[in-house]
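One letter stands for each residue in the lines below.
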Amino acid sequence: MNKVKTLIVVWQDEDSRLYYHIGTLSHYNDHYEFEYTSTKLGNRKLGDAIEHGYMIHPAFPYTNKIYYSKTLFPAFDRRIPSSDRDDYYAILADLGLNENASKMDILQATRGRLASDTYSFEQPLRLEEDGKIHSSFFIHGMRHQNLPIEWSSWIKEYSQLKLVQEPTNIYDSYAVAIYTENEKKLGYIPNFYSQAIFSLIENGALPLVYVTYLNEKSHPHWWVKVKFECTVSLEQEIQLKELISLR
């Protein structure tokens, strides 16, 4: 059996700026699979997104169906550069990928973001054989922090960062802020992870977060990428499975 490659499909409410995990895209055994998340309220999945104005994607009209395809679904395929482009390999190089990159690799690297909508494709929190939860993501909310021009001098590649819970945050009671070791606030954990990571910290876990990519000249969505890892106990793992899909 081929290794499962999974991305979570995220929708952002343009009013609240909160993100919702509305579906999961997977690739294994040479086929693609898309499935919506729970319609129950209270876990920032599909049900909550619908409550806040999300419209079911016309390509996937049934919320209780698992969709299969031998090729990447056209609704998602249009979000990545076509291999017919003259600059296709240059684009791959810019993304840190080679000519053997899969469409899932490209979708993960670009996050499938388009200017015309509010979807993105993100890495899930995943439990590896080393007993740790791993993920990689870009820091959110940096453009709203009124950072000084020289903010990029605060950190460099492999700089370790701090996580601070913000239970009184008016937008997200599970908000987790990201600071430099010198106590300078950069932004936030993406809020489609925040409830799970907030819970980890609340239960005594000590996540490790460090910078893997820095480009202050790009769009704020791509300023700082970090690596997240955290050792979890069996009890914490069971609790987290109720909040997220550990892939």
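What follows covers the sheet that holds strand β8 (residues 160-166). Spatial ordering of the open sheet is given by β6-β7-β12-β11-β8-β9-β10, a layout of seven strands whose pairing is antiparallel. Single-partner strands in this sheet number two, and they are β6 (126-127) and β10 (185-188). Its contacts with the sheet place helix α5 (residues 194-202) against β7 (132-138), β8, β9 (175-179) and β12 (224-231), and it is angled at close to 95° to β8.

Moving on, we come to the sheet that holds strand β3 (residues 31-36). In space, the five strands of this open sheet follow the order β4-β3-β2-β1-β5, with antiparallel pairing throughout. Both edges of this open sheet fall to β4 (66-69) and β5 (119-122), since each of them pairs with a single strand only. On average, each strand axis in the sheet is tilted by 25° relative to the strand beside it, whichever way the strands run. The pairing of β3 with β4 spans four bridges and is classified as antiparallel.

Taken as a whole and judged by the stated rule, the model has two cavities of 30 Å³ or more. The volume enclosed by the largest cavity comes to roughly 60 Å³. Gln108, Arg111, Phe121, Glu122, Gln123, Ser136, Phe137, Phe138 and Lys225 are the residues that line the largest cavity. Among the secondary structure elements, those contributing two or more residues to the lining of the largest cavity are β5 and β7. When residues in the lining of the largest cavity are grouped by element, the largest group, three residues, is from β7. Of all the secondary-structure elements, those providing two or more residues to the lining of the second largest cavity are β3 and α2 (74-77).

What follows deals with the pattern of salt bridges. Evaluation of the coordinates by the stated rule reveals nine salt bridges. Here aspartate 87 ties to arginine 85 by a salt bridge, and the two come within 2.9 Å at their closest N and O atoms. Exposure remark for arginine 85: the relative accessible area of 42% places this residue in the partly exposed category. The shortest N-O distance in the salt bridge between lysine 162 and glutamate 183 comes to 2.6 Å. With lysine 162 in strand β8 and glutamate 183 in the loop between β9 and β10, the pair connects residues that are 21 residues apart, well separated along the chain. Lysine 162 sits in the partly exposed class, given a relative accessible area of 32%. In this structure glutamate 183 comes out as partly exposed when scored by relative accessible area, which is 49%.

Reading the values: rules and limits
- For every chain, the first residue of the written sequence is number 1, and numbering continues from 1 along that sequence.
- Where local features are concerned, this predicted model is filtered to residues with pLDDT of at least 70; where side-chain atom pairs are given and counted, the filter is 80 or more; whole-chain, interface and lining totals use all residues.
- The basis for the side-chain values is all heavy atoms of the structure; hydrogens and waters are excluded.
- Strand pairing is assigned whenever DSSP detects at least two bridges linking the two strands.
- Numbered from the N terminus, helices here are DSSP runs of H or I no shorter than four residues, and strands are runs of E no shorter than two.
- Note on definitions: a residue-residue contact is assigned when non-hydrogen atoms from the two residues lie within 4.5 Å.
- An axis is simply a line fitted to the C-alpha atoms; with a helix, the fit covers only the stretch in contact. Between two such axes, the angle follows the N-to-C directions and lies from 0 to 180 degrees.
- Cavity: a set of points on a 1 Å grid over the protein atoms alone where a 1.4 Å probe fits but cannot get out. Pocket: an open set with protein on both sides within 12 Å along at least five of seven lines, its lining residues, like those of a cavity, having an atom within 4 Å of a point.
- Grid points are joined across faces, edges and corners, and a volume is the space filled by probe spheres set on the points.
- Here, a salt bridge means any side-chain nitrogen of Lys or Arg that lies within 4 Å of a carboxyl oxygen of Asp or Glu.
- Partly exposed residues are those whose accessible area sits between 20% and 50% of the maximum for their type, while under 20% is buried and over 50% is exposed, using a 1.4 Å probe and protein chains only.

Just distances and angles here, no functional claims.
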